[in-house]
Amino acid sequence: MKDIKIALVGSGMIGGGLAVNALMNDYPTIIYDVIDLNKVRATIQNVVQIMVDAGAISEEKGKEVLANARYTNDLEEAVRDADFVQECVPERIELKRSVYRQIQEIRGADVIIASSTSATMPSVLQEDALYPETILVGHPYNPSYLLPLIEVCGGTKTSEENTQKAMEIYKGMGKVPVHCKKEVPGFIVNRLSWSAMDIAKENVMNGVCSVEDMDKAIMYGPGMRMAVTGQILTLSLGVQGGLRAVAAKYGKEPSESDLVCADGVDEEIANRPEKWGNTVEGVEKFRDKMFAEILKAQGLL
Ligand SMILES: NC(=O)c1ccc[n+]([C@@H]2O[C@H](COP(=O)([O-])OP(=O)(O)OC[C@H]3O[C@@H](n4cnc5c(N)ncnc54)[C@H](O)[C@@H]3O)[C@@H](O)[C@H]2O)c1
């Protein structure tokens, strides 16, 4: 078992998934909710079964997760030893703030509180808190038990140390944390999803394509690429010479954003583990292998 102790506060769709991730990765984990604990147990059992059925964990690991899970209706018991609380209560600001107040009355500043909120900025959550420096957002993506993304966003009063600690704890949970450095609605990636949804609806409503063809166009084109190389690296791979060369292709000078993104892509490629490719050629080779794997899994190859 790891040293860091985790408490899940709220065990619905998101809390249940993240609790299973913490348990799978050997964090001592306690799950708190205000509802009947048999219901909470059933949620966790259900998530474990989904993970086993999906082939994400073995049956044996599933049994281990269930054996190690602890449950309580007592908030004090949940947080008195915790180093890290993942708050997953409904999206009501006053409810979230009152939960933080209760936790901080018990634990002072000794516990990081990460909110799963999709909609509330961390500076708003930490208003009137006893120890605002310990409160931040750790926004997961549904289904939280399988999708690795966590967007970590601190408020104006969150300490940098706590933000970095949270990122490390999430890595230990098998998640992929990204740092959202500014408090913007939708954090990093829902902004992109919302824009994509707006255009998708526009295409459908203007008769450009059916709903089904809109979805196929994403799934078998940009969606597949982005699963392997994201938004910016994908576009960079589209032109020999990367983003510095795109403008020249159209007889223009590269823009400031082309140059900033090109430098970022160089850094991103260099940071990739060797097996994912950490040169342009290596990334392309890995990408093609992944495409073949995805297509085989879908029965299309
Ligand atoms: N559902 C999503 O797709 C999604 C994605 C990312 C983030 N989020 C965010 O995660 C948070 C939780 O969402 P959800 O979809 O899991 O909600 P949910 O309704 O499925 O679960 C909420 C849980 O909190 C419990 N709860 C209510 N009051 C409580 C209290 N005072 N103390 C402890 N537990 C309490 C409820 O009994 C329930 O089990 C929200 O802030 C939401 O915005 C949701």
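Residues numbered from 1 in each chain as written. Predicted model: local features only at pLDDT ≥ 70, side-chain atom pairs only at ≥ 80, totals over all residues. Heavy atoms only, no water.

## Topic: the site of the ligand
- Looking at the ligand, there are 23 residues lining it, with Ile14, Asp33, Glu91, Lys96 and Ser118 nearest.
- Note that an oxygen atom of the ligand is positioned 2.7 Å from one of the side-chain N or O atoms of Lys96.
- Within the contact set of the ligand, an oxygen atom lies 3.4 Å away from a side-chain nitrogen or oxygen of Asn142.
- Contact with the protein chains hides 76% of the accessible area of the ligand, taken as 830 Å² for the molecule alone. (Near = heavy atom within 4 Å. Polar contact = N/O pair within 3.5 Å; in protein donor to acceptor, adjacent residues only side chain to side chain. Areas by Shrake-Rupley, 256 points an atom, 1.4 Å probe, with all protein chains shown as cover.)

## Observations regarding the nonpolar core
- Residues Ile6, Val20, Ile31, Phe84 and Tyr170 are the most contacted members of the largest nonpolar core, which totals 34 residues.
- Contributions of two or more residues to this core are made by strand E1 (6–9), helix H1 (13–24), helix H2 (37–53), strand E5 (112–115), strand E7 (149–154) and helix H7 (160–172).
- Top contributing element to this core by residue count: H2, with seven residues.
- Counting residues in hydrophobic clusters, the runner-up holds 22 residues, among them Val99, Tyr100, Leu125 and Ile135. (Core = buried A, V, L, I, M, F, W, Y, C linked by side-chain atoms within 4.5 Å. Buried < 20%, exposed > 50% of the residue type's maximum accessible area, 1.4 Å probe, protein only. Helix = DSSP H or I, 4+ residues; strand = E, 2+ residues; numbered from the N terminus.)

## Considering the sheet that holds strand E4 (residues 84–87)
- Strand order in this open sheet of eight strands is E3-E2-E1-E4-E5-E6-E7-E8, and the pairing throughout is mixed. Bordering the open sheet on either side are strand E3 (70–72) and strand E8 (176–179), each of which pairs with just one other strand. Strand-to-strand twist across the sheet, computed as the mean angle between neighbouring axes with direction ignored, equals 25°.
- As paired strands, strand E6 (residues 135–140) and E7 are joined by five bridges and run antiparallel to one another. In the sheet register, His139 faces E7, and the bridge partner there is Glu151. (Pairing = 2+ DSSP bridges. Axes fitted to C-alpha atoms, helices over the stretch in contact; angles between N-to-C directions.)

## Section: the packing of H1 against helix H3 (residues 59–68)
- Direction vectors running N to C along H1 and H3 enclose 105°, while the axes themselves pass 9 Å from each other. Relative to H3, the element H1 is oriented roughly perpendicular. Contacts between H1 and H3 involve Val20, Leu23 and Met24 from the former and Lys61, Val65 and Asn68 from the latter.
- By residue class, the composition of the contact of H1 with H3 is four nonpolar, one polar and one charged. (Parallel < 35°, antiparallel > 145°, perpendicular 65-115°, else oblique. Contact = heavy atoms within 4.5 Å. Nonpolar A, V, L, I, M, F, W, Y, C, P; charged D, E, K, R; others polar.)

## Here's the deal with the domain arrangement of the chain
- Each assigned domain of the chain is listed here: domain 1 (6–179) and domain 2 (220–297).
- Centre-to-centre, using C-alpha coordinates, domain 1 lies 33 Å away from domain 2. (Domains from an automatic or database assignment.)

## What to know about the packing of H2 against H3
- It is at 9 Å that the axes of H2 and H3 come closest, and there the two elements cross at 165°. Classed by the angle they form, the pair H2 and H3 counts as roughly antiparallel. For the crossing formed where H2 meets H3, the hand is right-handed. Of H3, the residues touching H2 (which contributes Ile44, Gln45, Val48 and Val52) are Glu59, Gly62, Val65 and Leu66.
- The residue makeup of the contact of H2 with H3, split by class, is five nonpolar, two polar and one charged. (Left-handed = near helix turned anticlockwise from the far one by under 90°.)

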